[in-house]
Amino acid sequence: MPLHISRHLIDFWRNSGFNTSQMDKNLTNMTFEEIAGVAAAVGGKKPMARAIFSAVQLGDVAQIEEIADLSQKAKEALSQRGYFVSRVRVVDQQVDPDGTVKYLFEMEDEARVESVLMQLNGRTTVCLSCQVGCRMGCAFCATGRMGFGRHLTAGEMAGQVNRIAADCGPIDNVVYMGMGEPFDNYEEVLRSLRILHHYAGRNMAPRRLTVSTCGIPEGIIRLADEGLPVNLAVSLHSADDQRRGEIMASARRYSLAAIIAAVKAYQAKTRRRVMFEYCLLKGINDSAEDARAIVALLTDVNASVNLIEFNEFEGCGFQTAGRMQVQVFMDILEQAKITTTVRYKRGETIQAACGQLGLLGR
Ligand code: SF4
């Protein structure tokens, strides 16, 4: 069955007046500290908070009644105060021959997003979405062409991971590289990171969490001060401001100089090597000269580069760079001692590859 995220659905979300404050009583959307506050309000202590948080983040519970290790009295007290739990719902699932699985999730209010499960070299990675659609306008991205629906809540982001984990077991890595720009939904993304990181839940170390941005300097700088040194990935796609602006609307607002300065500030605080993502587009940004421009840009940055094989889709207007060209590009970066990897297409037959999420509903 095909996946559908249609433009009229996006319009519906724009006009629906949906307000995430309606989720204030949703325990699934709370950090451990927030649940501790709720537990205290009903006379409970830390063990009660732990029981609730673990149940909603690990136990796949659909209602308060299902929370183990919680007294009937506590369950009733929570319900009487209007608290509830929720789960993201799997609407559809497609499996690529390479093992990649694309999930279509539906939220409580029927908003839909896609997430991808990848299993490679014995490691399990979930690529989650942080928004319904996206407003960053990258020309080569199917999600960008959908327009923007709404932000997801922290619980809806963690919920994608939790639902997939219920199918396949422990998750090694989570990357915020699905639909949406994380720093355009900063507060909820940060809260979702704290939820996934907390020891009473998934207990994911910061190095197993990666936030990927199209390059919003204030978001990068802000994240540096959160005391949560997650991996940072920055979409580069060109080392030239003008060329970048032609393929990424956000680049007309944020210069490469500002992005690199923010990355350096992030590294000074977190000591993390930053990964720059570079989608190779034939005749646009795949020349040897383009590669040398990256070397110059990243001269004094502790960086790695991930070259991404572009996944063509109908009407995209771009072509995949040839593999020979990819090799030449990679050689130039490696000769300059920049650690470089190539992300070849995965999940292509189910439109689960990079830049393809939401494609079938266009
Ligand atoms: S590449 Fe990322 S930031 Fe750009 S439009 Fe697509 S989802 Fe948004």
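No experiment lies behind these values; they were computed from the predicted model shown. Per chain, residue numbering runs from 1 following the sequence as it is written. Per-residue local features are limited, in this predicted model, to residues with pLDDT of at least 70; the limit for side-chain atom pairs, both in listing and counting, is 80 or more; totals at the level of whole chains, interfaces and linings are taken over all residues.

**Student:** Can you explain the site of the ligand? Please cite residues and give values.
**Tutor:** Near the ligand you find Cys134, Met136, Cys138, Cys141, Thr143, Gly144, Met179, Gly180, Glu181 and Cys214, and these make up its full shell. Of the residues assigned to the shell around the ligand, the class counts are 6 nonpolar, 3 polar and 1 charged. To decide whether a residue is near a molecule or strand, its C-beta atom is placed from the backbone and checked for lying within 6 Å of it. Three classes are used, and their members are as follows: Ala, Val, Leu, Ile, Met, Phe, Trp, Tyr, Cys and Pro are nonpolar, Asp, Glu, Lys and Arg are charged, and the others, Gly among them, are polar.

**Student:** Explain unusual backbone geometry to me, using residue names and the numbers behind them.
**Tutor:** With a phi close to 60°, asparagine 203 is a non-glycine residue in the positive phi region. On the secondary structure map, asparagine 203 appears in the loop between helix H7 (186-197) and strand S8 (209-213). Unusually for a residue other than glycine, histidine 237 sits at a positive phi of about 65°. As for its position among the elements, histidine 237 is in the loop between strand S9 (231-235) and helix H9 (241-247). Three exposure classes are used, based on other C-beta atoms lying within 10 Å of a residue's own C-beta, which is placed from the backbone: buried for 20 or more, exposed for 12 or fewer, and partly exposed in between. What makes histidine 237 buried here is the crowd of 26 C-beta atoms within 10 Å. The way it works is that DSSP assigns letters per residue, a run of H or I at least four long becomes a helix, a run of E at least two long becomes a strand, and they are numbered from the N terminus.

**Student:** Describe the sheet that holds strand S4 (residues 123-127), and please don't skip the residues or the numbers.
**Tutor:** Strand pairing is assigned whenever DSSP detects at least two bridges linking the two strands. Taken in spatial order, the 10 strands line up as S1-S2-S3-S4-S7-S8-S9-S10-S11-S12 in an open sheet, and their pairing is mixed. What marks the edges here is a single partner per strand, and that holds for strand S1 (89-95) and strand S12 (339-343). Within this sheet the neighbouring strands show an average axis-to-axis angle of 20°, counted without direction. Note that S1 and strand S2 (residues 101-106) share 6 bridges and pair antiparallel. Along S2, the bridge assignment pairs arginine 89 with glutamate 106. Note on method: axes are straight lines fitted to C-alpha atoms, helices fitted across the in-contact stretch only, with angles between N-to-C directions ranging 0 to 180 degrees.

In short, shape yes, function no, at least from these values alone.
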